[in-house]
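A closer look at the structure
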Amino acid sequence: MPRRAALGLALLLGLNAVSAPALARDTKPTRVRELHVVTSGGFTAAFHALAAKYERDTGVHIVAEHGPSMGDTPQAIPNRLARHEDADVVILARSGLDRLADQGLVTKGTEVDLGLSKIAMAVKAGAPALDISTPDALRSTLVNAKSVAWSDSASGVYIQSTMLDRLCVTDQVRPKGRMIPATPVGQIVATGQAEIGFQQLSELKTVKGIRIVGLIPESLQKVTPFSAGVVAWSPRQAEARALIAYLSSPKAYPIIRDSGLEPASQKAKP
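Residues numbered from 1 in each chain as written. Predicted model: local features only at pLDDT ≥ 70, side-chain atom pairs only at ≥ 80, totals over all residues. Heavy atoms only, no water.

The name that an unreviewed UniProt entry assigns to the protein chain is Putative ABC transporter substrate-binding protein, with the source organism given as Sphingomonas parapaucimobilis NBRC 15100.

Let us now look at the nonpolar core. Counting 25 residues, the largest nonpolar core has Phe43, Phe47, Ile62, Val89, Ile91, Leu243 and Leu247 as the members making the most contacts within it. When contributions to this core are tallied by element, the ones reaching two or more residues are strand E1 (34-39), helix H2 (41-58), strand E3 (89-93), strand E4 (112-117), strand E10 (224-230) and helix H10 (237-247). Broken down by element, the residue count for this core peaks at six residues, all from H2. Excluding its chain neighbours within four sequence positions, the residues that come into contact with phenylalanine 43 are Leu50, Ile91, Leu114, Gly115, Phe226, Ile256 and Leu261. Judged by nonpolar contacts, the second largest core, of 20 residues, contains Val123, Ala145, Val148 and Val169. (Core = buried A, V, L, I, M, F, W, Y, C linked by side-chain atoms within 4.5 Å. Buried < 20%, exposed > 50% of the residue type's maximum accessible area, 1.4 Å probe, protein only. Helix = DSSP H or I, 4+ residues; strand = E, 2+ residues; numbered from the N terminus. Contact = heavy atoms within 4.5 Å.)

Turning next to the sheet that holds strand E11 (residues 262-263). Strand order across the open sheet formed by six strands is E2-E1-E3-E10-E4-E11, with mixed pairing between neighbours. Either end of the sheet is taken by a strand with one partner, and the two such strands are strand E2 (61-66) and E11. Contacts from H2 reach E1, E2, E3, E4 and E10 within the one sheet, and its direction differs from that of E2 by about 170 degrees. (Pairing = 2+ DSSP bridges. Axes fitted to C-alpha atoms, helices over the stretch in contact; angles between N-to-C directions.)

Turning to its location among the elements, threonine 141 is positioned in helix H5 (residues 135-144). Taking the C-alpha atoms as reference points, threonine 141 and leucine 130, separated by eleven residues in sequence, lie 6.8 Å from one another. Setting aside residues no more than four positions away along its own chain, threonine 141 makes contact with Met121, Leu130, Asp131, Ile132 and Ile196.

Oppositely charged side chains can form a pair if their charged atoms are brought close together. All chains considered together, the criterion is met by eleven salt bridges. In this structure, aspartate 136 engages arginine 139 in a salt bridge whose closest nitrogen and oxygen atoms are separated by 2.5 Å. On the criterion of helical spacing, the pair formed by aspartate 136 and arginine 139 is a turn pair, its members being three residues apart in helix H5. The structure contains a network of salt bridges with shared partners spanning Arg80, Arg83 and Glu85. (Salt bridge = Lys/Arg side-chain N within 4 Å of Asp/Glu carboxyl O.)

In this section: the packing of H2 against H10. At a minimum axis distance of 11 Å, the contact between H2 and H10 shows a crossing angle of 120 degrees. Considering how the two elements wind past one another, H2 and H10 form a crossing that is right-handed. Contacts between H2 and H10 involve Phe47, Leu50, Lys53 and Tyr54 from the former and Glu239, Ala242, Leu243, Tyr246 and Leu247 from the latter. Residues belonging to the contact of H2 with H10 are distributed by class as follows: seven nonpolar, no polar and two charged. (Left-handed = near helix turned anticlockwise from the far one by under 90°. Nonpolar A, V, L, I, M, F, W, Y, C, P; charged D, E, K, R; others polar.)

On to the sheet that holds strand E8 (residues 196-200), then. Across a sheet, strands are paired by hydrogen bonds formed along the backbone, either parallel or antiparallel in direction. In spatial order, the strands read E7-E6-E8-E5-E9; together these five strands make up an open sheet with mixed pairing. Because the sheet does not close on itself, it has two edges, and the strands there are strand E7 (177-180) and strand E9 (210-215). Adjacent strand axes in the sheet meet at a mean angle of 25 degrees, parallel and antiparallel pairs treated alike. Sheet analysis places strand E6 (residues 148-151) next to E8, joined by three bridges and oriented parallel. Looking across to E8, one finds that alanine 149 is bridged to glycine 197. Packed on one face of the sheet, H5 meets strand E5 (119-124), E6 and E8 and runs near 125 degrees to E8. Its contacts with the sheet place helix H6 (residues 154-166) against E5, E6, E7 and E8, and it is angled at close to 125 degrees to E6.

Our next topic: H6. Between its first and last C-alpha atoms H6 spans 17 Å; for 13 residues at 1.5 Å apiece the expected length is 18 Å, and the two agree. Glutamine 160 marks the point of greatest bend in H6, at about 40 degrees. Positive phi shows up at cysteine 168, right after H6, with a value of about 60 degrees. (Expected span 1.5 Å × (residues − 1). Bend = angle between axes of the 7 residues up to and from the residue.)

Looking now at the packing of aromatic side chains. The full count for this structure, using the stated rule, is one aromatic pair. Here the aromatic rings of tyrosine 54 and tyrosine 246 are separated by 5.1 Å at their centres, their planes lie at 45 degrees, and the arrangement is tilted. With tyrosine 54 in helix H2 and tyrosine 246 in helix H10, this pair connects stretches of sequence that are 192 residues apart. Per residue, the accessibility class of tyrosine 54 equals that of tyrosine 246, and both read buried. (Phe/Tyr/Trp six-rings, centres within 6.5 Å; stacked < 30°, edge-to-face > 60°.)

Pasting the structure below:
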């Protein structure tokens, strides 16, 4: 073989040896983008429906975890963030979110209200629909009930610390009342562990085996904003903000309403 041809062949073989690994690296599938979200019960039903749509529209995979807005359980969102769990976005009662932002666990300025939640009462499926249409009717229902349950999150804290006092029934109801940690109150009612139960309407709507009597009277109602914020140590701050913008946009309103919430129009803090 002529010397020039031999040199050319060697050069070609060398280039192929170098380029093959490079080509393998170039054609390696890119990693699917992910966002980790921890949401409390009040917004869970709406979030799952919205997250599925967001995944289809953007290709961003949503990994969802759940926990109450407050309380002593390990699953509670404040306790999760205190452990610095892997998370990009949290969704919980606004009062809890504001505390997390003040503690530096949520990025200041990313807080956005998503939905407004009201408290409802439920009984076991097939039980009579007790009267709670007025404060007096609700007072009578509470006094006559054999057992009462409420959550250990925003709605239950309000009932235990404020509503019972306003109705002047604390002494009669507290001894037969239970604050339920982590488990949906509707499940406690459905299994007969409590005659009546109170929780956010959006949480009761997802439970089978109960009858939702209705919302508590407006004069006693506690409206809780469920809000989202970006976790301070998330490496995906921009992507997290984009998800929150979608969850608070008008295109999310029908799903939020179907879940038992009212859409919130408040924008992020300046």
